[in-house]
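# Structural characterization, general
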Amino acid sequence: MAYQQERRVAVRAVLRACQLCETVRAALVLAETLAKKDKSPVTVADFGAQAVIAHDLIGAFPDDPIVGEEDAGDLRTERGAAIKDKVIQQVNALITDIGEDKVLAAIDSCTSAGGAAGRYWTLDPIDGTKGFLRGQQYAVALALIKDGVPVLGVLGCPNLPVEARRPDGARGCLFVAARGEGAMMRSLADATESPITVADIADPARASFCESVEAGHSAHDLAAQVADRLGVRVPPYRIDSQAKYAAVARGDASIYLRLPTLAGYQENIWDHAAGYVVVTEAGGRVSDVHGNPLDFSLGRTLRNNVGIVATNGKLHAQVMAAVHAVLSLAP
Ligand code: AMP
Ligand code: MG
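What you are looking at is a predicted structure, and each value in this text was computed from that prediction instead of being measured.

Reading the values: the criteria
Residues numbered from 1 in each chain as written. Chains lettered and ligands numbered in written order. Predicted model: local features only at pLDDT ≥ 70, side-chain atom pairs only at ≥ 80, totals over all residues. Heavy atoms only, no water. Axes fitted to C-alpha atoms, helices over the stretch in contact; angles between N-to-C directions. Helix = DSSP H or I, 4+ residues; strand = E, 2+ residues; numbered from the N terminus. Parallel < 35°, antiparallel > 145°, perpendicular 65-115°, else oblique. Left-handed = near helix turned anticlockwise from the far one by under 90°. Contact = heavy atoms within 4.5 Å. Nonpolar A, V, L, I, M, F, W, Y, C, P; charged D, E, K, R; others polar. Donors = N, O, S within 2.8 Å, 3.2 Å for Na, K, Ca; no water. Buried < 20%, exposed > 50% of the residue type's maximum accessible area, 1.4 Å probe, protein only. Salt bridge = Lys/Arg side-chain N within 4 Å of Asp/Glu carboxyl O. Pairing = 2+ DSSP bridges.

## What to know about the packing of helix H6 (residues 220-230) against helix H9 (residues 316-329)
Direction vectors running N to C along H6 and H9 enclose 130°, while the axes themselves pass 9 Å from each other. Comparing their axes, H9 and H6 come out oblique. Like other packed secondary-structure pairs, H6 and H9 cross with a definite hand, here right-handed. Every residue of H9 that contacts H6 at Leu-222, Gln-225, Val-226, Arg-229 and Leu-230 is listed here: Gln-318, Val-319, Ala-322, Val-323, Ala-325, Val-326, Leu-327 and Leu-329. Among the residues forming the contact of H6 with H9, the class breakdown is ten nonpolar, two polar and one charged.

## Examining the coordination of the magnesium ion (ligand 2)
Those donors, Asp-124 (OD), Asp-127 (OD) and Asp-271 (OD), are the protein atoms that reach the magnesium ion (ligand 2), and they lie 2.0 to 2.4 Å from it. You can call Asp-271 buried: its relative accessible area is 12%.

## A closer look at the pattern of salt bridges
Considering all chains together, one arrives at 18 salt bridges under this definition. The salt bridge partner of Arg-119 is Glu-6, with a shortest N-O separation of 2.8 Å. With Arg-119 in strand S2 (residues 119-127) and Glu-6 in helix H1 (residues 4-30), this residue pair connects regions lying 113 residues apart in the sequence. Judged by relative accessible area, which is 10%, Glu-6 ranks as buried. Of the charged contacts in the structure, one is a salt bridge between Glu-214 and Lys-130, with a shortest N-O distance of 4.0 Å. Here Glu-214 is found in the loop between strand S8 (209-211) and H6, whereas its partner Lys-130 is found in helix H5 (residues 129-134), with 84 residues between them in sequence. A relative accessible area of 38% places Lys-130 in the partly exposed class. Three or more residues joined by partner-sharing salt bridges are found here, namely Lys-130, Arg-134, Glu-214 and Asp-240.

## Some words on the sheet that holds strand S7 (residues 194-196)
Strand-to-strand pairing in sheets goes through backbone hydrogen bonds, with the strands running parallel or antiparallel. Ordered by their spatial adjacency, seven strands build an open sheet running S1-S2-S3-S4-S5-S6-S7, and the pairing between neighbours is mixed. Both outer strands of the open sheet, strand S1 (66-68) and S7, are each paired with one neighbouring strand and no more. Each strand of the sheet is rotated relative to its neighbour by a mean of 20°, with strand direction disregarded. Bridging between strand S5 (residues 171-178) and strand S6 (residues 183-187) involves five bridges; their strand directions are antiparallel. Across the sheet, Ala-177 pairs through a bridge with Ala-183, a residue of S6. Here helix H8 (residues 273-281) sits on the sheet in contact with S2, strand S3 (139-146), strand S4 (149-161), S5, S6 and S7, set at roughly 95° to S4.

## A look at the sheet that holds S8
Pairing in this open sheet of five strands is mixed, and the strands run S9-S8-S10-S12-S11 from one edge to the other. Either end of the sheet is taken by a strand with one partner, and the two such strands are strand S9 (237-238) and strand S11 (285-287). Inspection of the sheet shows S8 paired to S9 by two bridges, in the parallel sense. Bridging across to S9, Glu-211 finds its partner in Arg-238.

In C-alpha cells form, the structure reads like this:
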C-alpha cells in the first residue's frame, strides 16, 4: 500500500480536528445568546482545526509544504486577541505541550503556493462554514497532492449520518482514499473501515443529485434545468461542504452539480482535492462543466476549470450533455 504513513497521520489529524470542531459547535449550540450570524465560533474552530492538522503534518513530514485557507495574521492583532486565546485553549485540549508561538506558527505554515512540482498538502479546516453555523453539514478536508495530482484524500464529516437511510441515527463519518486503492469509510467513533462505491445507476431517471445549500455557490436554477433534461424525479439533495463528494462516493446521490454563479470565479484546490480522490477511488468521475479534468497543478486555485460535475461515472456522459445544453442556453 502506498502512502501508508501519510494516511495514518492524515486520518489521525483530521479526527482530532473534527473533535475540536464538534467541541466548539456544541458550545455554540448551548450559547443561546449567540446570533447565528456571529462568525467567531467558526473562526475559533477554523484556526484551531488548521493548527492541529498543521502541527501533526509538520511533526511527521517537516519538508512538506501546506496550502491552507487561513493564516494567523488576524490573531496577531489586538482585535484578534480574544479569539486567539480561545483558539489556543481549544488546541491545548488536544495537544498539551503547545504554546502560543507554536500554535500561531502552525497556522501560518499553510501559505504555500502549491503548483506542479513535488508534493504538498492542501487543507480546508472547515469546509462549509455556513453549514457549521447552521448546525448542518461541514467537512474537515485534507489532501496530499503529488506533481499536481491529488493522491490521498481524507474527509471528516462530523455531522453526516453514518447511514444515509437513517438520517436520525448515528452521525460522524470519515472518508479516506489513496490513489489506486479504492475509497473507505468509517465512523468517527470506530476505526473499522469499510469500502464504499458509487451508486450503480445508468438511467438518469433513477438518479438523484446534490448541490450547495448556498445559491451563491452553485446555480440552483440551472441545476434544476439540468435535472429536468435528465428526467431526474427527486428534489435536489442540498448539503454544505465536500460532504457532497462523500454522498456521491457512497451512493447517497449519483450526481454533484456545482454550476457557476459568478463569471470568473476560481475554485480553491482545498475545496475539491480531498473530495476528488474519494469520489474517483469509489468509482466515480469528476470534471468541470466543460468536461475537462480538474487541473490541480496551477497553484492555489483551479484556474483552468469552470464549476464542477461529479458523477458515479456511468452517468457522466449524459450529465455532461445536459449541462452543456443548459449552459449554452443560459443568458
Ligand atoms: P458549499 O459548501 O458547497 O456551499 O461550498 C463552500 C465553499 O464555496 C467555500 O469553501 C468557498 O470557498 C466556496 N465559494 C465561495 N464563493 C463561491 C462562489 N461564488 N462560487 C463557488 N464557490 C464559492
Ligand atoms: Mg471551503
